[in-house]
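# Architecture and fold: a report
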Amino acid sequence: MQIIFRTAPVYFWMFTIWCISKVFQCIYKQEKTVWELIWDQSLIYFDEYNLFVDGILIISSISTFWLLAMYSIFDFTQKPAFIRKYKVNPNTNEPPDHRKFIKVLVCSTFSGFFVARPAIILIYFGLKVRGIPDIRVLPNIQNVLITCFINDHLLDIVAYTVHRLLHHRLIYKHIHKKHHEYKSTIAVAGLHTHPLEQLFLGIMPLGLGYITLRCHIATAWIHILSSVINSTITHSGYHLPFLGSPAFHDYHHVKFDCNYSILGLMDRIFRTDKAYRNSIYERRDIVLMSFESTRELYPDVNDKVL
Ligand SMILES: [Zn+2]
Ligand SMILES: [Zn+2]
């Protein structure tokens, strides 16, 4: 099920927040939910272009900032103590190299302006050619969830193809090697990419999905938010309860020539997850539904992680 619904925990929490806003709408007898009111206000101040381009940049920057801040506090302070047991690869990056950390932040901010922004503008015009759905009407929740689900699978096909190409011996050392400097990942590792990788593996596959499906701008906002959250969790180095598992992509950083996709489905089809399926990482690739860590549930065999 993980290979189809790997991103489901994030959507589950988003759906829960939406349900809570619905309850408040009923309690206070409002005509609209808080999200619809925020959207209406946004329409007063921003046009379609700003909503798409700046909206996506603001949402991805703010969500990255807060998640990065939380995981980095865990890494640099080694506190709170109870979080340590959720570390995927204990005794690594404790604490992380702070110079490298700052360098990654500076480089990713720089490529945000000079790579991400122009690429998102290009996607906007691609979407405009396809026809952007009326921004005055918000899509319903079923439409948003189904579009995001299809988008995740389209993204997986493109991202798997691009990622395998980036591992080609003639290309790897020029672009993707930078991302693999983190063998044991921390949250900031997700941002540690060459600008071309950010463009072709990070942004363009998302854009192709939005253009193909003629995504509503609000749906693109939600999808980009879920993608940022999933990418940060995947690289965080922590397997926290009730959130998605980082095991699948963590194994890619550890073993290098397997697990290229995001969901895992493409790796299953092309059998590039063979080694992973016999490893303890696969058994630990679950959504924790209690406060026991995966290392407590599935201890290392003879102190050795296979
Ligand atoms: Zn790789
Ligand atoms: Zn990675």
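## Here's the deal with the packing of helix α4 (residues 48-77) against helix α9 (residues 217-236)
- The geometry of α4 relative to α9 is characterised by a closest axis approach of 9 Å and an angle of 25 degrees between their N-to-C directions. On the basis of the axis angle, α4 is roughly parallel to α9. Considering the relative orientation of α4 and α9, their crossing is right-handed. Each of L51, F52, G55, I56, I59, S60, S63, T64, L67, L68 and Y71 in α4 lies in contact with α9, whose residues at this interface are I217, A220, W221, I224, L225, V228, I229, T232 and S236.

## Observations concerning the packing of helix α6 (residues 141-166) against helix α8 (residues 195-212)
- For the pair α6 and α8, the least separation of the axes is 9 Å and the interaxial angle reads 150 degrees. As far as their axial angle goes, α8 and α6 are roughly antiparallel. Crossing hand, α6 versus α8: right-handed. Residues N151, L154, L155, V158, A159, V162, H163 and L166 of α6 lie in contact with α8, whose contacting residues are E197, F200, L201, P205, L206, L208, G209 and T212.

## Section: helix α10 (residues 247-255)
- By the criterion of burial, α10 is predominantly enclosed, with seven of the nine residues buried.
- All of the buried residues along α10 are A247, F248, H249, D250, Y251, H252 and H253.
- Buried positions along α10 lie against α9, α12 (274-277) and α13 (280-283).
- The first or second residue beyond α10 is F256, which carries a positive phi of 80 degrees.

## With respect to unusual backbone geometry
- Of note, the bond from K79 into P80 is cis; its omega dihedral lies within 30 degrees of zero at -5 degrees.
- Looking at where P80 falls in the secondary structure, it is placed in the loop between α4 and α5 (98-130).
- Although it is not a glycine, F256 sits at a positive phi angle of roughly 80 degrees.
- Mapped onto the elements, F256 comes out in the loop between α10 and α11 (265-269).

## Considering the confidence of the model for the chain
- Scored by pLDDT, the chain comes out at a mean of 92, with 98% of its residues at no less than 70.
- Helix α1 (residues 2-5) is the least confidently modelled element of the chain, averaging 74 in pLDDT, while helix α7 (residues 169-172) averages 96, the highest of any element.

## A closer look at the environment of I20
- Topologically, I20 is positioned in helix α2 (residues 8-27).
- Residue I20 is classed as exposed on the basis of its C-beta count, with 12 C-beta atoms lying within 10 Å.
- Sequence spacing of I20 and T33 is 13 residues, and the spatial spacing of their C-alpha atoms is 9.7 Å.

## Observations regarding the nonpolar core
- Counting 37 residues, the largest nonpolar core has A220 and W221 as the members making the most contacts within it.
- Elements represented by at least two residues in this core include exactly α2, α4, α5, α6, α8 and α9.
- Of all the elements, α9 adds the most residues to this core, at eight residues.
- Leaving out residues up to four positions away in the same chain, A220 has contacts with F52, I56, Y210 and C215.

## Considerations on the environment of L138
- Topologically, L138 is positioned in the loop between α5 and α6.
- Under the C-beta neighbour-count criterion, L138 is labelled buried, with 20 such atoms within 10 Å.
- Placed 78 residues apart in sequence, L138 and H216 show a C-alpha to C-alpha distance of 7.9 Å.

Definitions and limits used
Residues numbered from 1 in each chain as written. Chains lettered and ligands numbered in written order. Predicted model: local features only at pLDDT ≥ 70, side-chain atom pairs only at ≥ 80, totals over all residues. Axes fitted to C-alpha atoms, helices over the stretch in contact; angles between N-to-C directions. Helix = DSSP H or I, 4+ residues; strand = E, 2+ residues; numbered from the N terminus. Parallel < 35°, antiparallel > 145°, perpendicular 65-115°, else oblique. Left-handed = near helix turned anticlockwise from the far one by under 90°. Contact = placed C-beta atoms within 7 Å. Buried ≥ 20, exposed ≤ 12 C-beta atoms within 10 Å, placed from the backbone. pLDDT = per-residue confidence, 0-100. Core = buried A, V, L, I, M, F, W, Y, C linked by C-beta atoms within 7 Å.

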